[in-house]
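# Examination of the molecular architecture
Spelled out, the chains give:
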Amino acid sequence: MSDVPIIAQKAPFPVEVTAGKSYFWCSCGQSTNQPFCDGSHKDTSFTPVKFEATEDKTVYFCGCKNSSAGAMCDGSHSKL
């Protein structure tokens, strides 16, 4: 069981979110439904991160899985 996530991509995933809806961000990098969890983390130490949209807008989910801002991109991919 690895404690290092797989880099899904070295760029954020822009997603149009809907107010009142919950999204579950993949933290392990193994999901085939990036940036969202598909259960691939089973048998790993990773768990999905819940994001609750408070308004309709575009958010940028982390693709490199190294963001210090959790599910949101903080630019960490530029240092990989």
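Residue numbering note: each chain is counted from 1, following its sequence as written. A pLDDT threshold of at least 70 governs which residues receive local features in this predicted model, and a stricter bar of 80 or more applies before side-chain atom pairs are shown or counted, although totals over entire chains, interfaces and linings include all residues. With hydrogens and water set aside, each side-chain value is computed from the structure's full complement of heavy atoms.

## A look at the overall build of the chain
Let me state the cut-off plainly: What counts as a helix is a DSSP run of H or I of at least four residues, what counts as a strand is a run of E of at least two, and both are numbered from the N terminus. Every radius of gyration here is taken over C-alpha atoms, with the globule rule written as 2.2 Å times N^0.38, N being the number of residues. Residues count as neighbours in contact if any of their non-hydrogen atoms are within 4.5 Å of one another. Method for areas: the Shrake-Rupley scheme with a 1.4 Å probe, in which residue coverage is limited to the protein chains shown. When charges are counted, Lys and Arg contribute as positive and Asp and Glu as negative, whereas His and the chain ends are disregarded. In this description, the location of a charge corresponds to atom NZ of lysine, CZ of arginine, CG of aspartate or CD of glutamate.
Assigned secondary structure in the chain consists of zero helices and four strands. In the chain, the succession of α and β elements from N to C terminus is β-β-β-β. The C-alpha atoms of the chain give 12 Å as radius of gyration, which agrees with the globular expectation for 80 residues (12 Å, within 12%). Dimensions of the chain, computed from C-alpha atoms along their principal axes, come out at roughly 35 × 30 × 20 Å. Long-range contacts, defined as pairs at least 24 residues apart, comprise 58% of the intrachain contacts of the chain with a sequence gap of at least 6. For the chain, the exposed surface amounts to about 4700 Å²; the carbon and sulfur share of it is 51%. Averaged over its 7 positive side-chain charges, the chain has a centre that lies 3 Å from the centre of its 8 negative ones.

## Examining the pattern of salt bridges
Selection criterion: Here, a salt bridge means any Lys or Arg side-chain nitrogen found within 4 Å of an Asp or Glu carboxyl oxygen.
As enumerated under the stated definition, the model contains two salt bridges in all. Notably, a salt bridge pairs Lys50 with Glu52, separated by 3.5 Å at the nearest N-O pair. Note that Glu55 is salt-bridged to Lys57, the shortest N-O span being 3.8 Å.

## Remarks on the environment of Tyr23
For clarity, the cut-off: Each residue gets one of three labels from its accessible area relative to the maximum for its type: buried under 20%, exposed over 50%, partly exposed in between, using a 1.4 Å probe on protein chains only. We call two N or O atoms a polar contact when they sit within 3.5 Å, provided that within protein one can donate a hydrogen and the other can accept it, with sequence-adjacent residues counted only if both atoms are side-chain atoms.
Topologically, Tyr23 is positioned in strand 2 (residues 22-25). Judged by its relative accessible area of 8%, Tyr23 is buried. Considering only alpha carbons, one finds Tyr23 and Glu52, 29 residues apart in sequence, at a separation of 6.3 Å. Beyond its immediate chain neighbours, meaning those up to four positions away, Tyr23 contacts Glu16, Val17, Thr18, Phe36, Val49, Lys50, Phe51, Ala53 and Phe61. Only 2.8 Å separates the side chain of Tyr23 from the backbone nitrogen of Thr18, close enough to count as a polar contact.

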